[in-house]
Amino acid sequence: MTVVVAAGTLVLVGCGSDGGAGAAEPTDGQVSASTAGSPSVSPSTAASPAISPSASPSPSPVPVTGPDQVLVTMEVTGGFAGVHKEVTLRGDGTVHTDDQGKRAVRRTSAAEFTELRTLLGDPALDDVSDFTRNMEAADLFQYTIRFDGRTVRTDRSVEEPALDRLLDALGEWLPER
């Protein structure tokens, strides 16, 4: 039996010998019940979604307020070797890195800068948990990322596509060992 609730109306679509397939057409076993004061829904509209899902907004680059603005900082620590690396993207398009005291400054191209700012502007980042960690795993790298007034800590044991894209893009700027 299929149950559809739309606009306060409960519509039960009867079971046939077809195991529920083809239930879009009204049958003699179809029952419709509506609550007092609620509009009734015809069987043809009950099978259609009342509200179509809207497409999620596409990311747009985060704004830059000045050359000294820190857009994002990512710190990578841990692992068997005791790694401690950091990368910071600033408003002037420079990337500052630190690998256990070895510092470097590089400049992004206009396209790279826009790409990183667009990854930071992904609305899906709003849904990312501030802390994810696999407590049963040892020696995983720990990532601490600070952006837009938030601090997110993860060992990447949970798949978060928007965060993973950002971490991967920032990781490209980290010094190689």
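Structure's up top.
The shown structure was predicted, so the numbers you read here are calculated from the model rather than taken from an experiment. (Residues numbered from 1 in each chain as written. Predicted model: local features only at pLDDT ≥ 70, side-chain atom pairs only at ≥ 80, totals over all residues. Heavy atoms only, no water.)

Please clarify how the pattern of salt bridges should be interpreted in this entry.
Enumeration according to the criterion identifies five salt bridges in this entry. For Asp 98, the salt bridge is made with Arg 103, and the minimal N-O distance between the two is 2.9 Å. Given a relative accessible area of 17%, Asp 98 falls into the buried group. A residue is classified by how much of its surface remains accessible, and Arg 103, at 68% relative accessible area, is exposed. For the salt bridge of Asp 130 with Arg 150, the shortest nitrogen-to-oxygen distance reads 2.5 Å. Here Arg 150 lies in strand β10 (residues 150–154) and Asp 130 lies in the loop between α2 (110–120) and β8 (131–132), a separation of 20 residues in the sequence. Look at Asp 130 and you get partly exposed, because its relative accessible area is 43%. A relative accessible area of 18% means that Arg 150 is categorised as buried. Via salt bridges that share partners, Arg 156, Asp 164 and Asp 168 belong to a single interconnected network. (Salt bridge = Lys/Arg side-chain N within 4 Å of Asp/Glu carboxyl O. Buried < 20%, exposed > 50% of the residue type's maximum accessible area, 1.4 Å probe, protein only. Helix = DSSP H or I, 4+ residues; strand = E, 2+ residues; numbered from the N terminus.)

Whenever I open this one, the nonpolar core confuses me. Can you help?
Proteins that are soluble and globular tend to have nonpolar side chains buried together. Met 74, Leu 89, Leu 120, Ile 145 and Leu 170 are the most contacted members of the largest nonpolar core, which has 26 residues in total. Mapped onto this core, the elements with two or more residues apiece are β4 (70–78), β5 (83–90), α2, β9 (141–147) and α3 (161–171). In terms of residues, this core owes the most to one element, α3, which gives six residues. Aside from chain neighbours lying at most four places away, what touches Leu 120 is Val 62, Leu 71, Val 72, Leu 89, Leu 125, Phe 147 and Leu 166. (Core = buried A, V, L, I, M, F, W, Y, C linked by side-chain atoms within 4.5 Å. Contact = heavy atoms within 4.5 Å.)

Mind showing me how you'd approach the environment of Ser 109 here?
Position of Ser 109 relative to the elements: it lies in the loop between β7 (102–107) and α2. Ser 109 sits in the partly exposed class, given a relative accessible area of 34%. It is 9.2 Å that separates the C-alpha atoms of Ser 109 and Thr 94, two residues lying 15 residues apart in sequence.

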